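The primary structure of each chain is shown beneath.
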Amino acid sequence: EPEVTQTPSHQVTQMGQEVILRCVPISNHLYFYWYRQILGQKVEFLVSFYNNEISEKSEIFDDQFSVERPDGSNFTLKIRSTKLEDSAMYFCASSLRKAGGTDTQYFGPGTRLTVL
Amino acid sequence: AQSVAQPEDQVNVAEGNPLTVKCTYSVSGNPYLFWYVQYPNRGLQFLLKYITGDNLVKGSYGFEAEFNKSQTSFHLKKPSALVSDSALYFCAVRLSYGGSQGNLIFGKGTKLSVKP
């Protein structure tokens with residue numbers, strides 16, 4: 001069964017450094033998402049992406065964040081200058097069809113980001 | 001504001017007994033409702049969803065959920081729990097129209113522990 005994959009599984013970085021989290025969505029899916037979960041808190045939506053542009057973003061997704069689909073398979077989340085409060089589990093997800101429709105979002109295993 | 005509540009941090013069940021994990025929601029308009037499960041070191045795995053139609057939805061691994069519009073609830077159930085069902089369960093809602101249709105709004109999760 002096709003799965004969403006994410007690398008690395010754990011990333012440790014120093015405050016102020018740039019990090020790139022990588023995701024490979026399910027191959028025929030068209031919509032991609034990033035969510036995050038700060039330890040002990042809810043899973044929160046960050047951004048959705050379709051046709052090489054952002055469809056929707058939350059208040060969390062400020063200018064420090066960016067997303068890109070650099071090739072036909074990868075979907076990346078970049079944090080330009082990490083802060084301590086960026087420490088969280090970051091989940092990538094993908095869905096086959098329109099984000100506002102009934103399609104299921106399938107999630108990857110997550111990348112645990114630790115900012116020191 | 002849209003929200004999802006999972007009132008129990010943890011549910012303890014003996015193997016073979018029925019289990020219920022509770023979820024209530026607050027949205028304006030008609031919701032699409034989802035249950036996901038997270039096993040240790042794994043991503044969020046889709047269990048089932050309610051879009052429309054029959055209020056009782058059947059999903060993976062013998063789980064089912066009942067949509068109750070008057071009580072704004074979507075409780076997850078299984079007639080006979082297995083030790084392997086022990087995991088973290090997340091309820092999520094997505095709007096069917098208007099506003100932020102793409103993103104999922106998650107509850108905080110309920111840890112299910114099934115003892116032999």
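Residues numbered from 1 in each chain as written. Chains lettered and ligands numbered in written order. Predicted model: local features only at pLDDT ≥ 70, side-chain atom pairs only at ≥ 80, totals over all residues. Heavy atoms only, no water.

Peer 1: Account for the environment of arginine 94 of chain B, naming residues and giving values.
Peer 2: Turning to its location among the elements, arginine 94 of chain B is positioned in strand β10 (residues 87-95). Separated by 92 residues in the primary sequence, arginine 94 of chain B and glutamine 2 of chain B have C-alpha atoms spaced 9.1 Å apart. From its side chain, arginine 94 of chain B meets the backbone oxygen of aspartate 103 of chain A in a polar contact 3.0 Å long. (Helix = DSSP H or I, 4+ residues; strand = E, 2+ residues; numbered from the N terminus. Polar contact = N/O pair within 3.5 Å; in protein donor to acceptor, adjacent residues only side chain to side chain.)

Peer 1: Give a detailed account of the interface of chain A and chain B, specifying residues and quantitative values.
Peer 2: Contacts between the two partners involve 20 residues from chain A, matched on the other side by 23 residues from chain B. Between chain A and chain B, roughly 1,800 Å² of surface is buried when both sides are summed, and carbon and sulfur atoms account for 51% of that area. The three residues of chain A that bury the most area against chain B are Lys42, Thr102 and Phe107 of chain A, which together make up 27% of that side's buried surface. Our enumeration of links across chain A and chain B arrives at zero salt bridges. The interface formed by chain A and chain B holds five residue pairs in polar contact (both at pLDDT 80 or more) in total. Mapped by element, the contributors of at least two residues to the side of chain A that touches chain B are β4 (31-37), β5 (43-50) and β10 (106-107) of chain A. Considering every element that reaches the side of chain A that touches chain B, the biggest residue donor is β4 of chain A, with three residues. Residues belonging to the side of chain A that touches chain B are distributed by class as follows: nine nonpolar, seven polar and four charged. (Contact = heavy atoms within 4.5 Å. Buried area = accessible area lost by both parts, 1.4 Å probe. Salt bridge = Lys/Arg side-chain N within 4 Å of Asp/Glu carboxyl O. Nonpolar A, V, L, I, M, F, W, Y, C, P; charged D, E, K, R; others polar.)

Peer 1: Residue-level account of the sheet that holds strand β7 (residues 65-68) of chain A, with values.
Peer 2: Residue and element names in this part refer to chain A. Read across the sheet, four strands follow the order β1-β3-β8-β7 without closing on themselves; strand pairing throughout is antiparallel. With partners counted over all chains shown, the strands left at the sheet margins are β1 (5-7) and β7, one partner each. Averaged over all pairs of adjacent strands, the angle between their axes in this sheet comes to 20°, without regard to strand direction. Relative to strand β3 (residues 19-24), β1 runs antiparallel, the two sharing three bridges. Of the residues in β3, the one forming a bridge with glutamine 6 is cysteine 23. (Pairing = 2+ DSSP bridges. Axes fitted to C-alpha atoms, helices over the stretch in contact; angles between N-to-C directions.)

Peer 1: Lay out the pattern of salt bridges with the relevant residues and their values.
Peer 2: Residues and elements named next belong to chain B. Following the criterion strictly, the structure yields five salt bridges over all chains and no others. When the shortest N-O distance is used, the salt bridge between glutamate 66 and lysine 77 registers 3.9 Å. One end of the pair, glutamate 66, is in strand β8 (residues 64-68); the other, lysine 77, is in strand β9 (residues 73-78), with eleven residues separating them in the sequence. For lysine 78, the salt bridge identified is with aspartate 85, shortest N-O distance 2.9 Å.

Peer 1: Just give me the short version of the packing of aromatic side chains, but keep the residues and values in it.
Peer 2: Tallied over the full model, the rule gives 20 aromatic pairs over all chains. Aromatic side chains tyrosine 35 of chain A and phenylalanine 107 of chain A sit 5.3 Å apart centroid to centroid with 50° between the ring planes, which places their arrangement in the tilted category. Of this pair, tyrosine 35 of chain A sits in strand β4 while phenylalanine 107 of chain A is found in strand β10, placing the two residues 72 residues apart along the sequence. As far as the burial class goes, tyrosine 35 of chain A and phenylalanine 107 of chain A line up, both buried. Summarising the aromatic geometry, the rings of phenylalanine 34 of chain B and tyrosine 36 of chain B are spaced 6.5 Å apart at their centres and angled 25° between planes, so their arrangement reads as stacked. Of the two residues, phenylalanine 34 of chain B and tyrosine 36 of chain B, neither departs from the other in class, the shared state being buried. In this structure an aromatic cluster arises from ring pairing among Tyr33, Tyr35, Phe45, Phe91, Tyr106 and Phe107 of chain A together with Phe34, Tyr36, Phe46, Phe90 and Phe106 of chain B. (Phe/Tyr/Trp six-rings, centres within 6.5 Å; stacked < 30°, edge-to-face > 60°. Buried < 20%, exposed > 50% of the residue type's maximum accessible area, 1.4 Å probe, protein only.)

Peer 1: Can you tell me about the state of the cysteines, naming the residues and giving the values?
Peer 2: Residues and elements named next belong to chain A. For the coordinates displayed, the defined rule picks out two disulfides over all chains. Residue cysteine 23 pairs covalently with cysteine 92 via a disulfide, S to S 1.9 Å. Here cysteine 23 and cysteine 92 share a disulfide; its torsion about the S-S bond, -65°, makes the bridge left-handed. One end of the pair, cysteine 23, is in strand β3; the other, cysteine 92, is in strand β9 (residues 88-95), with 69 residues separating them in the sequence. Of the residues examined, cysteine 23 reaches a relative accessible area of 0% and is grouped as buried. On the basis of relative accessibility, which here comes to 0%, the residue cysteine 92 falls in the buried class. (Disulfide = S-S within 2.5 Å.)

Peer 1: Explain unusual backbone geometry to me, and be specific about the residues and the numbers.
Peer 2: Cis peptide bonds are those with omega within 30 degrees of zero, and the linkage from threonine 7 of chain A to proline 8 of chain A qualifies with -10°. When you line up the elements, proline 8 of chain A lands in the loop between β1 and β2 (10-13). Its identity as a non-glycine residue notwithstanding, asparagine 52 of chain A has a phi of 65°, on the positive side. If you trace the backbone, asparagine 52 of chain A turns up in the loop between β5 and β6 (53-57). Its identity as a non-glycine residue notwithstanding, tyrosine 61 of chain B has a phi of 60°, on the positive side. Residue position: tyrosine 61 of chain B is located in the loop between β7 (56-58) and β8.

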